[in-house]
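One-letter residues, chain by chain:
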Amino acid sequence: MDEHRFLSLGAALTAGGVLLLSPFAPPPGQPPPPPTAAQAWPGAQRGRVPADLTDGMPYTPILFFDAARSVGSAPSPDGRHLRLVLQSADGRGRELRRLTLDRNPAFERPATDGEVLVWVESFGGGYRELWAADLHGGVRPRRLTASLGYPLFHQTQYDLVIAEGRVHWVAAGSRDDTEVRSVSLTGGAVEVRTEPGRWAMTAWPWLVDSLTDLAGTGRLRNLLTGQERAMPWTRSSLTECTPTWCRAVSADDDGWPIIEVVRSDGSDRRVVARRTATTVVTDVAVLNRFELFVELAPTTRFTGRGRLMVYDLATGQTVRISPEAGNVAYRAGVLWWTTGTPESFVRHSIDLRTV
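Residues numbered from 1 in each chain as written. Predicted model: local features only at pLDDT ≥ 70, side-chain atom pairs only at ≥ 80, totals over all residues. Heavy atoms only, no water.

A. Spatial organisation of the environment of Thr 156. If you trace the backbone, Thr 156 turns up in the loop between β9 (142–145) and β10 (161–163). A relative accessible area of 4% places Thr 156 in the buried class. Along the primary structure Thr 156 and Asp 283 are separated by 127 residues, whereas in three dimensions their C-alpha atoms are 5.6 Å apart. (Helix = DSSP H or I, 4+ residues; strand = E, 2+ residues; numbered from the N terminus. Buried < 20%, exposed > 50% of the residue type's maximum accessible area, 1.4 Å probe, protein only.)

B. Representation of the pattern of salt bridges within the structure. Scanning the entire structure with this criterion turns up 20 salt bridges. One salt bridge connects Glu 95 with Arg 98, and the closest N-O pair in it is separated by 2.8 Å. By relative accessible area, Arg 98 is classed as partly exposed at 37%. Arg 263 serves as the salt-bridge partner of Asp 268, at 3.4 Å between the closest nitrogen and oxygen. Overall, Asp 268 belongs to the partly exposed group, its relative accessible area being 31%. Via salt bridges that share partners, Arg 193, Glu 195, Asp 209, Arg 219, Arg 221 and Glu 228 belong to a single interconnected network. (Salt bridge = Lys/Arg side-chain N within 4 Å of Asp/Glu carboxyl O.)

C. Expanded view of the layout of surface pockets. If you add up the space inside the largest pocket, you get close to 710 Å³. For the lining of the largest pocket, the secondary-structure elements that each account for two or more residues are β2 (60–64), β4 (81–87), β5 (93–100), β6 (106–112), β10 and β26 (317–331). For the lining of the largest pocket, the element with the most residues is β6, which contributes 3 residues. In terms of residue class, the lining of the largest pocket is built from 20 nonpolar, 13 polar and 6 charged. (1 Å grid on protein atoms, 1.4 Å probe; cavity = no way out; pocket = protein on both sides within 12 Å on 5 of 7 lines; lining within 4 Å. Points joined across faces, edges and corners; volume = space filled by probe spheres on them. Nonpolar A, V, L, I, M, F, W, Y, C, P; charged D, E, K, R; others polar.)

Right, here's the structure in full:
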C-alpha cells in the first residue's frame with residue numbers, strides 16, 4: 001500500500017545516491033556514544049501508537065499532529081473499505097473518509113496548517129482527487145478538486161503546501177515547463193501558473209530546481225518576487241536544498257559515504273555523519289534545525305533496521321533516537337518509527353517542535 005511513500009530504512013541503503021557496500025561497525029577507540037533523546041531533550045514530547053485501532057484493524061499513520069494524535073489509514077472490519085481515521089491521544093479514532101478497496105485506493109501527501117488537513121486520494125489507474133477537512137468542529141470533509149494535472153510528488157512534506165488560503169502543488173507541464181497549481185481551501189477553480197524549467201515545491205514561497213542536483217547548477221526561485229538563488233556547489237555529490245539549508249551526500253576517497261549540510265548561501269558547512277551513515281527521509285534539515293539519518297548496524301542487512309540519529313544544528317550535537325528503528329517517517333514537526341518485527345512491532349513518535 002502506498003499511503004505515504006516515505007523512505008523506509010530498507011530503501012535508504014542507497015539513499016543520497018551513495019551505495020553502502022558493507023555495514024561494518026565503526027572502528028574501536030572512538031569517543032563515547034552520543035546522548036539519547038531522553039538525556040539530551042528531557043522535555044520533548046514522546047508517544048507510543050498501537051499497531052491496531054480499538055476495533056482490531058491495523059493502523060498506518062500518515063501524519064502526526066503531535067506526539068500522540070495522528071491521522072492515518074486502516075481497513076474496515078468487513079474488509080471492504082479503506083478508512084481515513086483521526087486517532088486521538090486516548091486511542092479512539094474518528095473516521096473521516098472511506099473508500100471501497102476494489103478501486104485500489106490510497107490516502108497520500110498529507111499536509112496541515114494546524115487548522116485544516118489536506119490530502120490526495122489516489123486510485124488504481126492514476127486517478128486522483130484533492131480533499132480537505134477542518135480539524136476543529138464537525139464539518140464534513142470536502143473535495144477541493146480532481147484537476148491535479150500530472151502532479152510531481154517528490155516524497156517530501158512539501159508535496160502539498162498550504163499558504164495564503166490555498167493548497168499549492170507542482171505538475172508536469174509541456175516540454176521543459178512546470179505547472180504550479182493551486183486551489184482555494186474552500187474548493188473552486190484551479191489556478192495554473194507555468195514556470196520554465198523543472199521545479200519542485202519547497203518551503204513557501206520557494207521552488208527548488210529539480211529537487212536534487214548533481215552538477216552544481218541547481219537554483220531556488222521565489223514564486224512571489226521572482227528572485228533566484230544558486231544552490232551552493234559541492235563536489236561530486238547529490239545535493240538537496242530548501243531555502244535555508246542544503247544536504248550533500250558524497251563519498252570519501254575510500255568510498256565511504258559522507259553526509260554534510262550547508263546553508264543555502266554556501267556558508268556554515270558541517271559534516272553530519274560518515275562511514276556507516278545513510279539518509280532516511282527526503283526532507284532536509286527539518287524545522288531548519290534537525291538532520292535525520294541512520295547508522296547501519298551489522299544486522300541491518302537482515303533486519304532492515306538501524307540506529308536512528310538526529311544531528312541538532314542548533315547545538316552541533318548528535319542525539320540517539322532509537323538503537324533499532326525501521327519504517328522511519330517525518331511530517332509537520334513529528335518524527336516516528338517502529339521497533340520490533342514486521343509481525344509484532346511498536347510505533348514510537350517524538351515531537352521535534354517541543355525540543
